[in-house]
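If you want the building blocks of each chain, they are given just below.
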Amino acid sequence: MTTRRRAEELDQADLLADFREQFVITDPGLLYLDGNSLGRLPKRTIEAVETALHGEWGDRLVRAWPETWIEQPRRIGADLAGLIGAQPDEVLLADQTSINLYKLAVAALRARAPRRTVLTDSGNFPSDSYVLSGAAADAGGSIRIVNTDPVAPSSDAVGALLDDEVALVSMSHVNYKSGALHDMAAVTAAARSAGALSLWDLSHSVGAVPIDLNGAGVDLAVGCTYKYLNGGPGAPAFLFVARHLQEELEQPIHGWWGHADMFAFEGDYHPAPGIDRFAVGTIPVLSMVGAREGIALTAEAGIEAIRTKSMAITSFMTDLFDELPAEFGFIFGSPRDPARRGSHVSLRHPDGYQIAQALIRDDVVPDFRAPDVIRLGAAPLYTRFVDVWDAFARLRTIMESGSYRTFPKARARVT
Ligand SMILES: *Cc1c(COP(=O)(O)O)cnc(C)c1O
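Residues numbered from 1 in each chain as written. Predicted model: local features only at pLDDT ≥ 70, side-chain atom pairs only at ≥ 80, totals over all residues. Heavy atoms only, no water.

**Q** What is the right way to look at the domain arrangement of the protein in this model?
**A** A common way to report how large an interface is uses the accessible area buried once the components associate. Taken domain by domain, the protein consists of domain 1 (4–32 + 303–406) and domain 2 (47–300). Put simply, the middle of domain 1 and the middle of domain 2, counted by C-alpha atoms, are 29 Å apart. Facing the 27 residues of domain 1 at the interface are 20 residues of domain 2. Of the roughly 1900 Å² buried between domain 1 and domain 2, counting both surfaces, carbon and sulfur atoms make up 62%. Area buried by domain 1 at its contact with domain 2 is led by Ile-303, Arg-307 and His-344, which between them contribute 27% of it. Applying the counting criterion to the domain 1 and domain 2 interface returns zero salt bridges. Taken together, the elements giving at least two residues each to the side of domain 1 that touches domain 2 come down to α12 (303–322), β10 (344–348) and β13 (373–377). (Domains from an automatic or database assignment. Contact = heavy atoms within 4.5 Å. Buried area = accessible area lost by both parts, 1.4 Å probe. Salt bridge = Lys/Arg side-chain N within 4 Å of Asp/Glu carboxyl O. Helix = DSSP H or I, 4+ residues; strand = E, 2+ residues; numbered from the N terminus.)

This is the structure in C-alpha cells:
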C-alpha cells in the first residue's frame, strides 16, 4: 500500500512545490482536483487587475487604449507562442474557444472549397462538434465522425476516413473525458497528405503538455486560458494560424478589430495583414490581464518541468487507483501510460454522479462528465501529492460506508 509518507516524500522532492504559494488558497483543507476545468487564482493576478483597474481604467481612461490595451491580444499571444511551439506572430488572444473554432473552421472550409466535409472524432468535446457541424452546414457540407477508442485514439482510424471531400480535420488534442492524447503530428500529416487543413483544440493540453505546433506542421489551433493556464473564469481564448496561411484565409466575422486600419472607419472591410485579421471586436481588458498573468506564471515554471510533474502525479493517481478494492466497481477510464495522457485521469463508475457529490461534501472537488466519468485533474503548479493521497483516502471511506447513496442520481445544471 502506498503510504501518506510516500506522498510527503514526493512533495519534498517536487521541483515545482514552491509555485503553490503563488496562488490564493483560502481553504487549505479543500482538495481541489478540478484545475482542468477552472484553474486557481494566482496572487499576481490580483495586483495586475488592480493596476488595470485603478492605474489604467481609473486614471488613464481612454488613453490607456493606445498606451497598453490595444496591443494586448498580440503581446499576450506572443508570450503564449513559446508554450505551444509557435512563432510570436502566429498567436492572438481573442473571443472564446467556441467562437475561435467557428472562425477558423469557416475560414478553412472557404479556403478548401469545393471540399465541404469536416472530419472530427467521437472523442471531441461536444461544443466543438456542434460548432464544426454548424460551420460545415454553412458551407453546404457536414461533419464526418471517426469512431476512435477513447483511451487509445488511433491516427490510422482518422487516416482511413480521409478523402477528397474533407476540407478540414479538427480534433481535441486531449480527450476531455479520458485524458488521452491524440498523436498530433501523425493526424496532422495524414490530413495534409489528403489535401485537408488541420485545426486542433488545445484547451485540455495547453499549460500542461508541451505542444509543438510548428514542429507538427499544424495549420490552425484554438484553446482556452482558464484551465491549466489559470487565466480566470471566462478569460479570453487564443487562436493560432500558421504564418503561411494567414494571408490566404478569410475569417467570416468582419469586425473593426480585424480591419487593416480600424480607425480609418472606411466603408469597406479590408482584412488586416497577418494574425490581426482574426480579431473581431473590443477585447475584455480586465480578463485579458488574468490570461496574461496565468501565461507568464506558466512560462516561468517551464512547460517541461510542468509535464514532468504532471506525469508523476497522474501516475501516483494510477498507483492509488490500483490499490482500491475491485469490488468498489471502478473502471480506470484513462490511458495507463502517462506519456499518452494529459493531466487528468478519469474513474468510471455507474454511480459516478453520486460519488462525485459525496466527494464534494467531503471537500474533494473533482468533476463529473456524463454518463459515468469522475475526472481528477492534477494542476502541476499547485496540486500536491498529499492532496491526491488524501482524496483517494476520502474516496475509499465513501465507498466503504456507501454514504454516496444518499445523493440524488440526477445531475445539477453545472457540474
Ligand atoms: C473547455 C473547452 C472548451 C471551452 O469552450 P468555451 O468557448 O470557452 O466555452 C472548448 N473545447 C474544449 C475541448 C474544451 O476543453
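**Q** When you look at the side chain of Lys-309 in this model, what are you seeing that I'm missing?
**A** With respect to the helices and strands, the residue Lys-309 is situated in helix α12. A relative accessible area of 8% places Lys-309 in the buried class. Excluding residues within four positions of it along the chain, Lys-309 makes contact with Asp-14, Leu-16, Pro-380, Thr-383 and Phe-385. (Buried < 20%, exposed > 50% of the residue type's maximum accessible area, 1.4 Å probe, protein only.)

**Q** Would you take a moment to explain the nonpolar core for this structure?
**A** Across soluble globular proteins, nonpolar side chains have a tendency to be buried as a group. Judged by nonpolar contacts, the single largest core of 86 residues is most densely connected at Ile-84, Val-169 and Leu-202. Ranked by residue count, the leading element in this core is helix α5 (residues 97–111), at seven residues. Here this core gathers at least three residues from each of two domains, domain 1 (4–32 + 303–406) and domain 2 (47–300). Residues within four places of Ile-84 in sequence aside, it is in contact with Val-91, Leu-202, Val-206, Ile-211, Asp-212, Leu-213 and Phe-238. Grouped together as the second largest cluster of nonpolar side chains are 35 residues, Leu-10, Phe-332, Leu-347 and Val-388 included. (Core = buried A, V, L, I, M, F, W, Y, C linked by side-chain atoms within 4.5 Å.)

**Q** Please clarify how helix α4 (residues 72–84) should be interpreted in this entry.
**A** Here α4 contains 13 residues, and its C-alpha end-to-end distance of 18 Å stays within 8% of the 18 Å for a straight helix at 1.5 Å per residue. At Ala-78, α4 shows its largest kink, close to 25°. All of the buried residues in α4 are Gln-72, Pro-73, Ile-76, Gly-77, Leu-80, Ala-81, Leu-83 and Ile-84. Buried-residue contacts for α4 involve β2 (91–93), α9 (213–216), β8 (238–241), α11 (285–301) and α12. (Expected span 1.5 Å × (residues − 1). Bend = angle between axes of the 7 residues up to and from the residue.)

**Q** I would appreciate a short explanation of the sheet that holds strand β7 (residues 220–223) in the present structure.
**A** Working definition: the strands of a sheet are paired by backbone hydrogen bonds and lie parallel or antiparallel to each other. If you trace the seven strands from one edge of the open sheet to the other, you get β2-β8-β7-β6-β5-β3-β4, paired in mixed fashion. The sheet is open, and its two borders are formed by β2 and β4 (142–146), each paired with just one other strand. On average, each strand axis in the sheet is inclined to that of its neighbour by 20°, with strand direction left out of account. As paired strands, β2 and β8 are joined by three bridges and run antiparallel to one another. (Pairing = 2+ DSSP bridges. Axes fitted to C-alpha atoms, helices over the stretch in contact; angles between N-to-C directions.)

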